[in-house]
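Below are the chains, spelled out letter by letter.
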Amino acid sequence: MMREDYVMSSALTTRSPRGLMASTLRLMAAAAVIGAALGLAPLGLDRAQGAETNHLRIGASAFGSTQSVSVGLNKSMIIDLPVDAQEVIVSQPGVANAILRNKRRAVIQAVSSGDTNIFFLDATGRTIVVVDVSTTGAANTGGSNVAAVLRDTYAKIMPNSDIQVEAVALTDGEGNVTNRIVLSGDAGSSDDADKALAIAGQFAGSVDNVTSVINVSGPQQVMLKVTVAEVNRSLAKQFGIDLTGSYTNGGLTTQLISTQPLGGASNLFSNNGVKVGLDIGPLSIDAQIRAMEQRGAARTLAEPLLTAISGQTADFFAGGEFPVPTNVSDGNVSVTYKEFGVKLNFTPTIKSNGNIGLVVDTTSSELSTEGSITVGESTLLGVKRRTAKTSVEIGTGQTLAIGGLIEEKTRTQIHRLPGLGDIPILGALFRSRDFIRSQSELVILVTPYLAKPTTNKPELPTDRMQFANDAEAIFLGHIETMYGVGPAGTRGSYDGSVGFLLD
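So, here is what we can say about the structure in this document. The numbering scheme is per chain: residues are counted from 1 as the chain's sequence reads. Owing to the predicted nature of the model, reporting of local features is limited to residues with pLDDT of at least 70; listing and counting of side-chain atom pairs is limited to 80 or more, with chain, interface and lining totals taken over all residues. With hydrogens and water set aside, each side-chain value is computed from the structure's full complement of heavy atoms.

1. Considerations on the overall build of the protein
Then step 1. Each helix is a run of H or I in the DSSP string that is no shorter than four residues. Each strand is a run of E no shorter than two, and both are numbered from the N terminus. Helix and strand counts for the protein stand at 4 helices and 26 strands.
Then step 2. Each residue gets one of three labels from its accessible area relative to the maximum for its type: buried under 20%, exposed over 50%, partly exposed in between, using a 1.4 Å probe on protein chains only. The buried share among the 503 residues of the protein stands at 31%.
Then step 3. The contact definition used throughout considers only heavy atoms, calling two residues in contact when any of these lie within 4.5 Å. Taking contacts inside the protein between residues at least 6 apart in sequence as the whole, the part at least 24 apart equals 59%.
Then step 4. About 30,300 Å² of surface is accessible on the protein, with carbon and sulfur atoms providing 53% of the total. Calculation of accessible area relied on Shrake-Rupley with a 1.4 Å probe; when residues are assessed, cover is drawn exclusively from the protein chains displayed.

Shown next as C-alpha coordinates:
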(Lines give C-alpha, C1' and ligand atoms only; values in the text may rest on other atoms or scores of the structure.)
Protein backbone atom coordinates (compact mmCIF):
# COMPACT_ATOMS: atom_id res chain seq x y z
CA MET A 1 0.00 0.00 0.00
CA MET A 2 1.47 3.37 -1.03
CA ARG A 3 0.31 6.98 -0.38
CA GLU A 4 2.11 9.21 -2.87
CA ASP A 5 5.84 9.46 -1.91
CA TYR A 6 5.38 9.81 1.82
CA VAL A 7 3.97 6.38 2.67
CA MET A 8 6.08 3.45 3.62
CA SER A 9 4.26 0.17 4.14
CA SER A 10 5.16 -3.37 5.01
CA ALA A 11 3.69 -6.51 3.66
CA LEU A 12 1.79 -7.43 6.79
CA THR A 13 -1.04 -9.88 7.16
CA THR A 14 -4.35 -8.19 8.01
CA ARG A 15 -5.81 -9.27 11.34
CA SER A 16 -9.42 -9.25 12.33
CA PRO A 17 -10.50 -6.56 14.84
CA ARG A 18 -11.34 -9.29 17.41
CA GLY A 19 -7.86 -10.83 17.10
CA LEU A 20 -6.25 -7.43 17.35
CA MET A 21 -8.19 -6.62 20.53
CA ALA A 22 -7.23 -9.93 22.12
CA SER A 23 -3.59 -9.38 21.25
CA THR A 24 -3.71 -5.89 22.74
CA LEU A 25 -5.24 -7.14 26.00
CA ARG A 26 -2.62 -9.89 26.29
CA LEU A 27 0.14 -7.31 25.73
CA MET A 28 -1.27 -4.99 28.39
CA ALA A 29 -1.54 -7.80 30.94
CA ALA A 30 2.02 -8.99 30.27
CA ALA A 31 3.41 -5.44 30.49
CA ALA A 32 1.60 -4.86 33.80
CA VAL A 33 3.08 -8.03 35.31
CA ILE A 34 6.59 -7.17 34.12
CA GLY A 35 6.27 -3.58 35.32
CA ALA A 36 5.10 -4.68 38.77
CA ALA A 37 7.93 -7.18 39.04
CA LEU A 38 10.66 -4.75 38.01
CA GLY A 39 9.26 -1.70 39.79
CA LEU A 40 8.86 0.23 36.54
CA ALA A 41 6.37 2.96 35.77
CA PRO A 42 2.98 2.06 34.26
CA LEU A 43 2.58 1.11 30.68
CA GLY A 44 2.68 4.71 29.54
CA LEU A 45 6.49 4.84 29.96
CA ASP A 46 7.49 6.93 26.95
CA ARG A 47 11.27 7.25 27.03
CA ALA A 48 14.03 4.82 27.83
CA GLN A 49 15.90 5.46 31.07
CA GLY A 50 19.59 5.67 31.82
CA ALA A 51 21.86 5.04 28.86
CA GLU A 52 19.06 4.17 26.42
CA THR A 53 18.69 7.70 25.08
CA ASN A 54 18.38 6.33 21.50
CA HIS A 55 15.46 4.01 22.32
CA LEU A 56 11.80 5.07 22.60
CA ARG A 57 9.13 2.67 23.91
CA ILE A 58 5.47 3.48 23.40
CA GLY A 59 3.22 2.00 26.07
CA ALA A 60 -0.33 0.82 25.46
CA SER A 61 -1.71 3.72 27.53
CA ALA A 62 0.06 6.12 25.14
CA PHE A 63 -1.88 4.75 22.15
CA GLY A 64 -2.76 7.65 19.82
CA SER A 65 -0.43 10.15 21.54
CA THR A 66 2.23 12.43 20.06
CA GLN A 67 5.85 11.99 21.13
CA SER A 68 8.68 14.51 20.51
CA VAL A 69 12.20 13.22 19.96
CA SER A 70 15.53 14.73 18.94
CA VAL A 71 17.95 12.73 16.80
CA GLY A 72 21.46 13.79 15.89
CA LEU A 73 22.36 14.12 12.24
CA ASN A 74 23.41 10.76 10.71
CA LYS A 75 22.21 8.92 13.82
CA SER A 76 19.31 6.56 14.48
CA MET A 77 16.65 5.84 17.10
CA ILE A 78 14.67 2.64 17.78
CA ILE A 79 10.89 2.90 18.25
CA ASP A 80 8.97 0.05 19.95
CA LEU A 81 5.19 0.03 19.31
CA PRO A 82 2.46 -1.49 21.51
CA VAL A 83 0.57 -3.04 18.54
CA ASP A 84 1.35 -4.14 15.00
CA ALA A 85 1.86 -1.32 12.51
CA GLN A 86 0.35 -1.54 9.05
CA GLU A 87 1.38 1.81 7.57
CA VAL A 88 4.13 4.35 8.21
CA ILE A 89 3.81 7.88 6.84
CA VAL A 90 6.83 10.25 6.84
CA SER A 91 5.97 13.85 6.04
CA GLN A 92 9.55 14.90 5.13
CA PRO A 93 11.62 11.90 3.91
CA GLY A 94 14.52 14.31 3.20
CA VAL A 95 14.84 14.97 6.94
CA ALA A 96 14.35 11.48 8.43
CA ASN A 97 13.52 7.97 7.26
CA ALA A 98 11.54 5.25 9.06
CA ILE A 99 12.42 1.59 8.48
CA LEU A 100 10.24 -1.23 9.90
CA ARG A 101 12.36 -4.06 11.27
CA ASN A 102 9.27 -6.04 12.22
CA LYS A 103 5.62 -5.31 12.92
CA ARG A 104 6.33 -3.56 16.24
CA ARG A 105 9.79 -2.12 15.87
CA ALA A 106 10.92 0.73 13.62
CA VAL A 107 14.23 2.53 13.17
CA ILE A 108 14.30 6.29 12.56
CA GLN A 109 17.34 7.61 10.69
CA ALA A 110 18.23 11.34 10.62
CA VAL A 111 19.17 12.29 7.07
CA SER A 112 19.51 16.10 7.29
CA SER A 113 18.80 18.89 9.75
CA GLY A 114 15.20 19.91 10.11
CA ASP A 115 11.81 18.93 11.55
CA THR A 116 9.35 16.25 10.47
CA ASN A 117 6.70 13.94 11.90
CA ILE A 118 6.06 10.23 11.39
CA PHE A 119 2.63 8.56 11.64
CA PHE A 120 2.33 4.89 12.63
CA LEU A 121 -1.10 3.40 11.71
CA ASP A 122 -2.60 0.03 12.62
CA ALA A 123 -4.57 -2.32 10.34
CA THR A 124 -7.82 -0.39 10.87
CA GLY A 125 -6.23 2.97 10.00
CA ARG A 126 -6.09 4.22 13.59
CA THR A 127 -3.08 6.25 14.68
CA ILE A 128 -0.83 4.25 16.98
CA VAL A 129 1.52 7.17 17.67
CA VAL A 130 2.76 10.34 16.00
CA VAL A 131 6.48 10.98 16.45
CA ASP A 132 7.66 14.59 16.02
CA VAL A 133 11.30 14.32 15.00
CA SER A 134 13.77 17.19 15.30
CA THR A 135 17.13 16.42 13.73
CA THR A 136 20.15 18.49 14.74
CA GLY A 137 23.44 19.09 12.99
CA ALA A 138 25.02 21.48 10.51
CA ALA A 139 22.46 24.14 9.52
CA ASN A 140 21.66 25.08 5.96
CA THR A 141 19.47 27.80 4.57
CA GLY A 142 16.23 26.04 5.41
CA GLY A 143 14.17 27.79 8.06
CA SER A 144 13.19 24.53 9.78
CA ASN A 145 16.84 23.50 9.99
CA VAL A 146 17.80 26.78 11.62
CA ALA A 147 14.97 26.44 14.15
CA ALA A 148 16.07 22.92 15.07
CA VAL A 149 19.69 23.94 15.59
CA LEU A 150 18.70 26.95 17.69
CA ARG A 151 16.39 24.91 19.90
CA ASP A 152 19.11 22.34 20.49
CA THR A 153 21.67 25.08 21.22
CA TYR A 154 19.40 26.87 23.70
CA ALA A 155 18.65 23.60 25.50
CA LYS A 156 22.38 22.98 26.00
CA ILE A 157 23.65 26.39 27.06
CA MET A 158 20.52 27.68 28.83
CA PRO A 159 18.92 24.69 30.58
CA ASN A 160 16.94 26.94 32.95
CA SER A 161 15.14 28.62 30.07
CA ASP A 162 12.41 27.33 27.76
CA ILE A 163 12.87 29.27 24.52
CA GLN A 164 10.79 28.38 21.46
CA VAL A 165 12.00 29.08 17.91
CA GLU A 166 10.09 29.60 14.69
CA ALA A 167 12.07 30.24 11.50
CA VAL A 168 11.25 30.76 7.84
CA ALA A 169 13.62 31.13 4.89
CA LEU A 170 12.72 33.91 2.43
CA THR A 171 14.18 34.02 -1.08
CA ASP A 172 14.37 37.27 -3.04
CA GLY A 173 14.33 37.69 -6.83
CA GLU A 174 18.08 37.14 -7.09
CA GLY A 175 17.97 33.83 -5.27
CA ASN A 176 19.40 35.16 -1.98
CA VAL A 177 18.02 33.39 1.09
CA THR A 178 17.35 35.29 4.31
CA ASN A 179 16.18 33.70 7.54
CA ARG A 180 13.47 35.34 9.64
CA ILE A 181 13.39 34.07 13.23
CA VAL A 182 10.82 34.55 16.00
CA LEU A 183 11.83 33.75 19.58
CA SER A 184 9.21 33.08 22.26
CA GLY A 185 8.85 31.20 25.53
CA ASP A 186 10.39 31.91 28.92
CA ALA A 187 13.93 32.91 29.91
CA GLY A 188 15.33 32.56 33.41
CA SER A 189 17.01 35.97 33.25
CA SER A 190 17.44 38.93 30.95
CA ASP A 191 21.00 37.75 30.37
CA ASP A 192 19.64 34.51 28.85
CA ALA A 193 17.22 36.50 26.70
CA ASP A 194 20.05 38.70 25.40
CA LYS A 195 22.20 35.64 24.67
CA ALA A 196 19.33 33.98 22.78
CA LEU A 197 18.84 37.11 20.67
CA ALA A 198 22.55 37.40 19.89
CA ILE A 199 22.83 33.73 18.88
CA ALA A 200 19.76 33.93 16.66
CA GLY A 201 21.22 37.03 15.00
CA GLN A 202 24.16 34.95 13.81
CA PHE A 203 21.82 32.55 11.97
CA ALA A 204 19.58 35.30 10.62
CA GLY A 205 22.44 37.42 9.33
CA SER A 206 21.49 40.32 11.63
CA VAL A 207 19.64 40.96 14.86
CA ASP A 208 17.19 43.04 12.80
CA ASN A 209 15.93 39.78 11.27
CA VAL A 210 15.06 38.38 14.70
CA THR A 211 11.88 39.18 16.63
CA SER A 212 12.00 38.39 20.33
CA VAL A 213 8.86 38.06 22.44
CA ILE A 214 10.65 36.14 25.19
CA ASN A 215 9.14 36.51 28.64
CA VAL A 216 11.70 36.89 31.44
CA SER A 217 10.36 35.01 34.44
CA GLY A 218 13.08 35.86 36.99
CA PRO A 219 13.55 39.04 39.07
CA GLN A 220 14.25 42.09 36.96
CA GLN A 221 14.96 45.01 39.30
CA VAL A 222 18.25 45.75 41.01
CA MET A 223 18.85 48.23 43.82
CA LEU A 224 22.43 49.46 44.16
CA LYS A 225 23.85 50.99 47.31
CA VAL A 226 27.11 52.91 46.86
CA THR A 227 29.11 54.06 49.90
CA VAL A 228 31.73 56.81 49.52
CA ALA A 229 33.65 57.24 52.80
CA GLU A 230 36.58 59.64 53.15
CA VAL A 231 38.61 61.22 55.97
CA ASN A 232 41.02 64.12 55.36
CA ARG A 233 43.53 65.38 57.91
CA SER A 234 45.83 68.38 57.42
CA LEU A 235 48.53 70.18 59.39
CA ALA A 236 50.13 73.44 58.27
CA LYS A 237 52.82 75.52 59.99
CA GLN A 238 54.50 78.79 59.06
CA PHE A 239 57.28 80.78 60.66
CA GLY A 240 58.94 83.77 59.11
CA ILE A 241 60.49 87.18 59.82
CA ASP A 242 60.23 90.22 57.58
CA LEU A 243 63.08 92.59 58.41
CA THR A 244 63.39 96.14 57.05
CA GLY A 245 66.08 98.59 58.07
CA SER A 246 67.25 102.02 56.90
CA TYR A 247 70.23 104.24 57.74
CA THR A 248 70.34 107.94 56.90
CA ASN A 249 73.54 109.95 56.87
CA GLY A 250 73.19 113.42 55.43
CA GLY A 251 71.69 113.12 51.98
CA LEU A 252 72.45 109.38 51.71
CA THR A 253 69.82 106.81 52.71
CA THR A 254 70.54 103.09 52.78
CA GLN A 255 67.75 100.50 53.18
CA LEU A 256 67.74 96.72 53.90
CA ILE A 257 64.55 94.88 52.83
CA SER A 258 64.03 91.19 53.69
CA THR A 259 60.34 90.42 52.99
CA GLN A 260 59.59 86.70 52.45
CA PRO A 261 56.63 85.42 50.39
CA LEU A 262 53.45 84.71 52.34
CA GLY A 263 52.09 81.20 52.22
CA GLY A 264 54.63 79.34 50.17
CA ALA A 265 53.88 75.60 50.28
CA SER A 266 50.62 75.89 52.17
CA ASN A 267 49.17 79.16 50.87
CA LEU A 268 46.74 79.00 53.76
CA PHE A 269 47.71 81.88 56.03
CA SER A 270 46.77 85.53 55.86
CA ASN A 271 49.11 88.45 56.57
CA ASN A 272 48.86 88.26 60.35
CA GLY A 273 51.65 88.55 62.86
CA VAL A 274 53.55 90.82 65.27
CA LYS A 275 55.32 93.97 64.08
CA VAL A 276 58.14 95.67 66.04
CA GLY A 277 59.87 98.96 65.18
CA LEU A 278 63.09 100.51 66.58
CA ASP A 279 64.64 103.92 65.86
CA ILE A 280 68.17 104.70 67.04
CA GLY A 281 69.33 108.03 65.68
CA PRO A 282 69.75 107.70 61.92
CA LEU A 283 69.11 103.92 62.15
CA SER A 284 65.52 102.64 61.79
CA ILE A 285 64.61 98.92 62.01
CA ASP A 286 61.15 97.35 61.40
CA ALA A 287 60.52 93.62 61.97
CA GLN A 288 57.36 91.55 61.45
CA ILE A 289 57.19 88.07 62.93
CA ARG A 290 54.72 85.50 61.56
CA ALA A 291 54.22 82.21 63.42
CA MET A 292 51.02 80.34 62.53
CA GLU A 293 49.73 76.78 62.81
CA GLN A 294 46.58 75.29 61.33
CA ARG A 295 45.02 71.86 61.81
CA GLY A 296 42.03 70.49 59.95
CA ALA A 297 39.98 67.32 59.63
CA ALA A 298 37.10 66.50 57.32
CA ARG A 299 34.81 63.49 57.13
CA THR A 300 32.73 62.71 54.04
CA LEU A 301 30.11 59.96 53.86
CA ALA A 302 27.70 59.57 50.94
CA GLU A 303 25.38 56.57 50.44
CA PRO A 304 23.25 57.01 47.32
CA LEU A 305 20.63 54.32 46.55
CA LEU A 306 19.28 53.71 43.07
CA THR A 307 17.00 51.05 41.54
CA ALA A 308 16.88 50.06 37.87
CA ILE A 309 15.56 47.31 35.61
CA SER A 310 18.10 44.74 34.48
CA GLY A 311 19.81 45.94 31.33
CA GLN A 312 18.65 49.55 31.72
CA THR A 313 20.75 52.56 32.80
CA ALA A 314 19.76 54.72 35.77
CA ASP A 315 21.15 58.09 36.92
CA PHE A 316 21.12 59.76 40.32
CA PHE A 317 22.34 63.26 41.21
CA ALA A 318 22.10 65.20 44.47
CA GLY A 319 23.98 68.49 44.57
CA GLY A 320 24.02 71.80 42.77
CA GLU A 321 25.85 74.03 40.35
CA PHE A 322 28.23 76.97 40.79
CA PRO A 323 29.17 79.65 38.25
CA VAL A 324 32.62 79.84 36.69
CA PRO A 325 33.49 83.02 34.73
CA THR A 326 34.61 82.20 31.21
CA ASN A 327 34.75 85.58 29.42
CA VAL A 328 34.60 89.31 30.12
CA SER A 329 33.49 91.64 27.33
CA ASP A 330 32.53 95.33 27.76
CA GLY A 331 31.97 94.82 31.44
CA ASN A 332 29.71 91.78 30.91
CA VAL A 333 30.86 88.54 32.49
CA SER A 334 29.96 85.21 30.85
CA VAL A 335 29.74 82.23 33.18
CA THR A 336 29.46 78.47 32.84
CA TYR A 337 27.83 76.36 35.55
CA LYS A 338 29.64 73.31 36.90
CA GLU A 339 28.00 70.54 38.90
CA PHE A 340 29.05 69.44 42.36
CA GLY A 341 27.55 66.87 44.71
CA VAL A 342 26.90 63.12 44.59
CA LYS A 343 26.30 61.52 41.20
CA LEU A 344 25.63 57.85 40.44
CA ASN A 345 25.21 56.14 37.08
CA PHE A 346 24.92 52.36 36.80
CA THR A 347 23.66 49.64 34.49
CA PRO A 348 22.79 46.28 36.12
CA THR A 349 22.46 42.92 34.38
CA ILE A 350 21.11 39.85 36.15
CA LYS A 351 23.19 36.86 35.02
CA SER A 352 21.89 33.33 34.48
CA ASN A 353 24.05 32.10 37.41
CA GLY A 354 22.28 34.49 39.82
CA ASN A 355 25.09 37.06 40.01
CA ILE A 356 24.62 40.70 39.05
CA GLY A 357 26.86 42.41 36.51
CA LEU A 358 27.33 46.12 37.14
CA VAL A 359 28.69 48.99 35.08
CA VAL A 360 29.20 51.67 37.74
CA ASP A 361 30.17 55.34 37.40
CA THR A 362 30.02 57.26 40.67
CA THR A 363 31.31 60.73 41.57
CA SER A 364 31.36 62.70 44.82
CA SER A 365 32.52 66.32 44.57
CA GLU A 366 32.50 69.44 46.75
CA LEU A 367 33.71 73.01 46.65
CA SER A 368 37.11 73.53 48.20
CA THR A 369 39.59 76.33 48.82
CA GLU A 370 42.34 74.00 47.65
CA GLY A 371 43.15 74.90 44.09
CA SER A 372 41.22 78.17 44.24
CA ILE A 373 42.49 81.30 42.47
CA THR A 374 41.88 85.00 43.00
CA VAL A 375 41.05 87.21 40.04
CA GLY A 376 40.80 90.85 41.02
CA GLU A 377 38.51 90.98 44.02
CA SER A 378 36.87 87.63 43.24
CA THR A 379 37.98 84.22 44.49
CA LEU A 380 37.21 81.25 42.26
CA LEU A 381 36.85 78.08 44.31
CA GLY A 382 38.18 74.73 43.22
CA VAL A 383 36.31 71.43 43.15
CA LYS A 384 37.44 68.37 45.07
CA ARG A 385 36.30 65.24 43.27
CA ARG A 386 36.30 61.47 44.00
CA THR A 387 35.41 59.29 41.02
CA ALA A 388 35.22 55.55 40.34
CA LYS A 389 34.16 53.96 37.05
CA THR A 390 34.37 50.21 36.50
CA SER A 391 32.57 46.98 35.57
CA VAL A 392 32.19 44.20 38.14
CA GLU A 393 30.15 41.03 38.77
CA ILE A 394 28.97 40.31 42.30
CA GLY A 395 26.36 38.26 44.12
CA THR A 396 23.22 39.85 45.51
CA GLY A 397 23.69 41.32 48.99
CA GLN A 398 27.49 41.10 48.75
CA THR A 399 29.76 44.14 49.06
CA LEU A 400 32.75 44.87 46.87
CA ALA A 401 35.28 47.72 47.11
CA ILE A 402 35.64 49.23 43.65
CA GLY A 403 37.97 52.06 44.66
CA GLY A 404 40.32 53.03 47.47
CA LEU A 405 43.01 55.55 48.26
CA ILE A 406 45.50 56.05 51.07
CA GLU A 407 47.52 59.19 50.40
CA GLU A 408 49.96 61.20 52.48
CA LYS A 409 51.63 64.40 51.29
CA THR A 410 54.34 66.39 53.03
CA ARG A 411 55.64 69.66 51.63
CA THR A 412 58.07 72.18 53.05
CA GLN A 413 59.46 75.40 51.61
CA ILE A 414 62.06 77.88 52.86
CA HIS A 415 62.54 81.46 51.62
CA ARG A 416 65.69 83.35 52.63
CA LEU A 417 67.87 86.28 51.76
CA PRO A 418 71.03 85.11 49.97
CA GLY A 419 74.09 85.20 52.15
CA LEU A 420 72.48 86.55 55.30
CA GLY A 421 69.97 83.69 55.40
CA ASP A 422 72.83 81.16 55.55
CA ILE A 423 74.33 82.53 58.78
CA PRO A 424 73.78 80.08 61.63
CA ILE A 425 71.28 81.22 64.27
CA LEU A 426 71.21 84.87 63.13
CA GLY A 427 70.19 83.69 59.66
CA ALA A 428 66.69 82.92 61.03
CA LEU A 429 66.06 86.70 60.94
CA PHE A 430 66.34 86.62 57.15
CA ARG A 431 64.30 83.52 56.18
CA SER A 432 60.80 82.00 56.49
CA ARG A 433 59.59 78.39 56.51
CA ASP A 434 56.30 76.81 55.40
CA PHE A 435 55.33 73.22 56.21
CA ILE A 436 52.18 71.27 55.33
CA ARG A 437 51.17 67.62 55.76
CA SER A 438 47.91 66.11 54.47
CA GLN A 439 46.49 62.59 54.81
CA SER A 440 43.55 61.14 52.87
CA GLU A 441 41.76 57.83 53.34
CA LEU A 442 39.07 57.01 50.79
CA VAL A 443 37.06 53.89 49.97
CA ILE A 444 34.14 53.34 47.57
CA LEU A 445 31.91 50.28 48.13
CA VAL A 446 29.03 48.86 46.06
CA THR A 447 26.30 46.48 47.26
CA PRO A 448 23.57 45.27 44.85
CA TYR A 449 20.21 43.80 45.93
CA LEU A 450 17.37 42.20 44.00
CA ALA A 451 14.56 44.71 44.51
CA LYS A 452 10.89 43.87 44.88
CA PRO A 453 8.01 46.27 45.51
CA THR A 454 6.39 46.32 48.93
CA THR A 455 2.89 47.17 50.06
CA ASN A 456 4.20 48.70 53.29
CA LYS A 457 5.18 52.34 53.06
CA PRO A 458 8.77 52.80 54.29
CA GLU A 459 9.60 55.35 56.97
CA LEU A 460 10.60 58.68 55.48
CA PRO A 461 13.26 61.01 56.91
CA THR A 462 10.58 63.65 57.50
CA ASP A 463 8.12 61.41 59.35
CA ARG A 464 9.50 61.99 62.85
CA MET A 465 10.81 65.51 62.32
CA GLN A 466 8.96 68.04 64.51
CA PHE A 467 9.79 71.72 64.96
CA ALA A 468 10.10 73.08 68.48
CA ASN A 469 7.20 75.07 69.90
CA ASP A 470 7.52 78.71 70.93
CA ALA A 471 8.47 77.92 74.54
CA GLU A 472 11.26 75.52 73.53
CA ALA A 473 12.54 77.90 70.88
CA ILE A 474 12.52 81.01 73.12
CA PHE A 475 13.68 79.63 76.47
CA LEU A 476 15.76 76.61 75.41
CA GLY A 477 16.94 77.70 71.96
CA HIS A 478 15.75 74.50 70.33
CA ILE A 479 14.98 74.21 66.62
CA GLU A 480 13.63 70.68 66.76
CA THR A 481 11.79 68.93 69.55
CA MET A 482 14.05 66.80 71.74
CA TYR A 483 12.99 63.16 71.88
CA GLY A 484 13.71 61.22 75.05
CA VAL A 485 14.65 57.57 75.24
CA GLY A 486 11.83 56.48 77.57
CA PRO A 487 11.46 56.05 81.31
CA ALA A 488 14.30 53.55 81.52
CA GLY A 489 16.84 56.22 80.54
CA THR A 490 20.09 55.38 78.79
CA ARG A 491 22.67 52.75 79.56
CA GLY A 492 25.38 53.78 82.01
CA SER A 493 25.30 56.26 84.88
CA TYR A 494 23.19 58.98 83.25
CA ASP A 495 19.90 59.83 84.96
CA GLY A 496 17.12 62.24 84.13
CA SER A 497 15.75 63.45 80.80
CA VAL A 498 18.36 62.55 78.22
CA GLY A 499 17.52 62.79 74.53
CA PHE A 500 18.89 63.29 71.08
CA LEU A 501 18.19 65.16 67.87
CA LEU A 502 16.92 63.29 64.83
CA ASP A 503 18.86 64.34 61.76
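2. Considerations on the sheet that holds strand β4 (residues 76–80)
Then step 1. An order of β2-β4-β7-β6 is seen for the 4 strands of this open sheet, with the pairing classed as mixed. Two strands close off the open sheet at either side, each with one partner strand: β2 (55–57) and β6 (96–102). For this sheet, the mean inter-axis angle between neighbouring strands, taken without regard to orientation, is 20°.
Then step 2. By the convention used here, strands pair only if DSSP detects at least 2 bridges between them. Across 3 bridges, β2 lies against β4 in parallel orientation. By the bridge assignment for β4, His55 is matched with Ile78. Angular values range over 0 to 180 degrees, each being the angle between N-to-C directions of two axes fitted as lines to C-alpha atoms, with helices fitted over their stretch in contact.

3. Description of helix α3 (residues 190–204)
Then step 1. Multiplying 1.5 Å by the helix residue count minus one yields the expected span of that helix. With 15 residues, α3 should reach 21 Å at 1.5 Å per residue; the first-to-last C-alpha distance of 21 Å fits that figure.
Then step 2. Taken residue by residue, α3 has Ser190, Asp191, Asp192, Ala193, Ala196, Ala200, Gly201 and Ala204 as its buried positions.
Then step 3. A positive phi of about 90° marks Gly205, the residue just after α3.

4. Brief notes about the environment of Ala187
Then step 1. Relative to the helices and strands, Ala187 resides in strand β11 (residues 177–187).
Then step 2. A relative accessible area of 0% places Ala187 in the buried class.
Then step 3. Sequence separation of Ala187 and Ser217 is 30 residues, and the distance between their C-alpha atoms is 6.1 Å.

5. Re a nonpolar patch on the surface
Then step 1. A grouping of Val328, Val333, Val335 and Tyr337 is seen on the molecular surface, where their side chains present a nonpolar patch of about 390 Å² in accessible area.
Then step 2. At 3 residues, strand β20 (residues 332–350) tops the list of elements feeding residues into the nonpolar patch.
Then step 3. Examined against the element boundaries, Val333 turns out to sit in strand β20. Only residues whose relative accessible area exceeds 30% and that form no salt bridge are eligible for patches; like-charged ones are grouped when within 9 Å, while nonpolar side chains (Val, Leu, Ile, Met, Phe, Trp, Tyr) are grouped when within 5 Å. Here, a salt bridge means any Lys or Arg side-chain nitrogen found within 4 Å of an Asp or Glu carboxyl oxygen.

6. Let's talk about the pattern of salt bridges
Then step 1. Evaluated as defined, the whole model comprises 11 salt bridges.
Then step 2. Of the charged contacts in the structure, one is a salt bridge between Lys156 and Asp152, with a shortest N-O distance of 3.2 Å. One end of the pair is Lys156 and the other is Asp152, both in helix α2 (residues 143–157) and 4 residues apart, which spans about a single turn.
Then step 3. For Lys156, a relative accessible area of 62% gives the class exposed.

7. Considering the packing of aromatic side chains
Aromatic rings in a pair are described by how distant their centres are and how their planes are angled relative to each other.
Then step 1. Classification of ring pairs uses Phe, Tyr and Trp, with its six-membered ring standing for Trp, and accepts pairs whose centres are within 6.5 Å; under 30 degrees between planes counts as stacked, over 60 as edge-to-face, and the remaining range as tilted. Scanning all chains against the criterion turns up 1 aromatic pair.
Then step 2. Where Phe322 meets Phe340, the ring centres are 6.1 Å apart and the plane angle is 55°; that geometry is what we call tilted. Of this pair, Phe322 sits in strand β19 (residues 314–329) while Phe340 sits in strand β20; the two residues are 18 residues apart in sequence, bridging distant segments of the chain.

8. Let's talk about the nonpolar core
Generally speaking, soluble globular proteins have nonpolar side chains that are buried together.
Then step 1. Buried residues of nine kinds, namely Ala, Val, Leu, Ile, Met, Phe, Trp, Tyr and Cys, make up a nonpolar core once their side-chain atoms join them within 4.5 Å. One finds Leu81, Ile118, Phe120 and Val133 to be the most contacted residues of the largest nonpolar core, which totals 23 residues.
Then step 2. For this core, the secondary structure elements donating two or more residues are β3 (65–72), β4, β5 (87–90), β6, β7 (105–110), β8 (114–121) and β9 (127–136).
Then step 3. Among the elements that line this core, the one with the most residues is β9, at 4 residues.
Then step 4. Among the nonpolar cores identified, the runner-up in size contains 22 residues, and Ala314, Ala388, Ile394 and Ile444 belong to it.

This is a description of form; function is not addressed.
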